[in-house]
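# A look at the structure
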Amino acid sequence: MVTHLLNKNASLLDENIIIRRRNAMLQMENARFLGVVAAKEREIATLKDELRVRDRKIAALKRDCVGRFV
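For clarity, every value in this text was computed on a predicted model and none was experimentally measured.

## Some words on the overall build of the protein chain
If you tally the helices and strands in the protein chain, you get 1 helix and 0 strands. By the compact-globule yardstick of 11 Å for 70 residues, the protein chain is too spread out, its C-alpha radius of gyration being 30 Å. Seen through its principal axes, the protein chain has C-alpha atoms that stretch 100 × 15 × 10 Å. Out of the 70 residues belonging to the protein chain, those deemed buried represent 0%. With 15 positive and 9 negative side-chain charges, the protein chain shows a spacing of 3 Å between the two charge centroids.

Encoded structure:
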């Protein structure tokens with residue numbers, strides 16, 4: 001009976017180690033993924049800023065052209 005409990009305890013300790021390693025791997029993967037997402041969000045924000053600048057330039061050109069060709 002005691003031997004069985006000791007073996008079960010050792011088995012559970014082994015499983016615990018495996019689960020801890022898997023958890024650490026998933027946390028690292030999650031951190032990498034969040035880093036990629038953050039980088040993409042910064043890239044999107046930059047592109048949106050560029051679009052706003054271009055939209056303002058286009059609007060200014062349209063204002064300048066009003067009446068010239070009519």
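## Points about the environment of Met25
In this structure, Met25 sits in helix H1 (residues 2–65). When the C-alpha positions of Met25 and Lys57 are compared, they lie 48 Å apart, and in sequence the two are 32 residues distant.

What counts as what
Residues numbered from 1 in each chain as written. Predicted model: local features only at pLDDT ≥ 70, side-chain atom pairs only at ≥ 80, totals over all residues. Heavy atoms only, no water. Helix = DSSP H or I, 4+ residues; strand = E, 2+ residues; numbered from the N terminus. Rg over C-alpha atoms; globule rule 2.2 N^0.38 Å. Buried < 20%, exposed > 50% of the residue type's maximum accessible area, 1.4 Å probe, protein only. Lys, Arg positive; Asp, Glu negative; His and termini not counted. Charge placed at Lys NZ, Arg CZ, Asp CG, Glu CD.

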